Structures are given as C-alpha cells and as structure tokens.
Amino acid sequence: MAVMESKAGPRERLVRAAIALVQEKGVEGTGLTELLARGDVARRSLYQHFPGGKDELIAASTRQVGEVTAVVIRELVGQVDAATLFELMLATIRQGVVDSDFRYSCPIAAAAYAPADSDRVRDAAGAAFADWRGAIADVLVEEGRPADAARGLAGFMVATVEGALVVARATRSTEPLDQAAVYLAELLRA
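Calculation notes
Residues numbered from 1 in each chain as written. Predicted model: local features only at pLDDT ≥ 70, side-chain atom pairs only at ≥ 80, totals over all residues. Heavy atoms only, no water. Helix = DSSP H or I, 4+ residues; strand = E, 2+ residues; numbered from the N terminus. Buried < 20%, exposed > 50% of the residue type's maximum accessible area, 1.4 Å probe, protein only. Polar contact = N/O pair within 3.5 Å; in protein donor to acceptor, adjacent residues only side chain to side chain. Contact = heavy atoms within 4.5 Å. 1 Å grid on protein atoms, 1.4 Å probe; cavity = no way out; pocket = protein on both sides within 12 Å on 5 of 7 lines; lining within 4 Å. Points joined across faces, edges and corners; volume = space filled by probe spheres on them. Nonpolar A, V, L, I, M, F, W, Y, C, P; charged D, E, K, R; others polar. Axes fitted to C-alpha atoms, helices over the stretch in contact; angles between N-to-C directions. Parallel < 35°, antiparallel > 145°, perpendicular 65-115°, else oblique. Left-handed = near helix turned anticlockwise from the far one by under 90°. Expected span 1.5 Å × (residues − 1). Phe/Tyr/Trp six-rings, centres within 6.5 Å; stacked < 30°, edge-to-face > 60°.

(A) Region of interest: the side chain of S105. With respect to the helices, strands and loops of the structure, S105 is situated in the loop between α5 (82-99) and α6 (107-112). With relative accessibility at 12%, the residue S105 sits in the buried group. Separated by 2.6 Å, the side chain of S105 and the backbone oxygen of Q23 make a polar contact. Setting aside residues no more than four positions away along its own chain, S105 makes contact with V22, Q23, L165 and R169.

Given below as structure tokens:
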C-alpha cells in the first residue's frame, strides 16, 4: 500500500511560496498578497506563523533553502568528488534556468539583495552562504586539501556559481553556467 503524502500545513505552504516567489521576483518584487495566494493561506495564518510578517517569512524560507542545500552537499561527502559535485549542481541549476525560461534565480542571492531595512533577510542569506562554504570545504578536506585552502576554494566556488547564475539570467544564456562547470571541474581535478 502506498503511503499517502499529507497536505502541507499553512506554515510550510507559506515557506514554499516564499521560496518560489523570491526565486522568481526577488524580495522586493514578492508581495504579501501574492505570497498568501500562492501559499493558499489567509492573512491571519501568516501572522500566526510569522509574527514579524513578510521579512520573518522570507528569512525563514532563506534559512530553509540554505540548510537543505548544505545537508545535501554534506551527505555527498565521500560519495562523489568535488568536481563531480559541482558538475551535478551546475547541471541542476542549468536545467532550472532553462525550464523557467531564465526566470529562475537563487533565492539566497535574491535574499542578499533585500532592502536595506531587511537585516533579518540579509543575515539569513549570509548564514546560508557561510553554511554552503562550510559544506563544500568539508568535501574538499575529505579529498585531502588543507582546511584553510579548502575554505578559500569553497568561497570562490560559491561566488563563481552565484555569479554564473546571475549572468545566465541577465543574458538569457546558459553559457556562463556551462563555462563555470567546465572550469571549476578542471580546477578541482588539477
């Protein structure tokens, strides 16, 4: 007998809606009415689960994306090498960009560009990027790189992938992602 997946509750639906909308429209382009409609929740549910409103919701969704991504990276330690990890990640990102007709962006990067009065959101983005760098550094250390070099290389890799995604979206071309995949793999295998 197949296990039935229960319908997500209002909190989870709001988080999923925030991730999708921020990924597509950025923090400032994501409106409260649209969040409620996409999450299929009433306004009172937003404030029940996120008393701080939109900023608290977007910070929570940013943390969730960051944590899930870092867990996936850490689970791959010892299973694939760093070059393969980045080839897989960039292939997944590339497919998302193409499937969304170049509307896809990284919700963490979008959160980093939150308005100046959204410290909670920008702090969540900074923490997510730090967690990703740490997870990637773990992969690199597992491969035998010194910890200091691994942390520096991990930061460079995150910056390269994020930059490639931004340029791909702006130019409506997968070439920046393809180039990042090739050159990061070469660097990691050298």
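Back to the text.
(B) Just the layout of surface pockets, in detail. Each pocket or cavity is described by its volume, and for the largest pocket that value is around 530 Å³. Every residue lining the largest pocket is counted, 24 residues in all, and those nearest its centre are T69, M89, I93, Y104 and W132. Residue composition of the lining of the largest pocket, by class: 20 nonpolar, three polar and one charged.

(C) Region of interest: the packing of helix α8 (residues 147-171) against helix α9 (residues 175-189). Contact geometry of α8 with α9 gives a least axis separation of 8 Å together with a crossing angle of 160 degrees. Compared by their axis directions, α8 and α9 come out roughly antiparallel. Read as a crossing pair, α8 and α9 show a hand that is right-handed. Across from L153, F156, M157, T160, V161, A164, L165, V167, A168 and T171 in α8, the residues of α9 making contact are P176, L177, A180, L184, L187 and L188. Among the residues forming the contact of α8 with α9, the class breakdown is 14 nonpolar, two polar and no charged.

(D) Structural detail: helix α4 (residues 54-75). In this model α4 runs 32 Å from its N-terminal to its C-terminal C-alpha over 22 residues, within 8% of the 32 Å that 1.5 Å per residue would give. Regarding α4, the residues found buried are L57, I58, A59, A60, S61, T62, V65, G66, A70 and I73. Of the surrounding elements, those touching the buried residues of α4 are α1 (10-29), α2 (32-39), α3 (43-49), α5, α6 and α7 (119-142).

(E) Looking closely at the packing of aromatic side chains. One pass over the structure, following the stated rule, counts one aromatic pair. Ring geometry for F129 and W132: centres 5.6 Å apart, planes at 80 degrees, overall edge-to-face. One end of the pair is F129 and the other is W132, both in helix α7 and three residues apart, which spans about a single turn. You'll find F129 and W132 in the same group, each marked buried.

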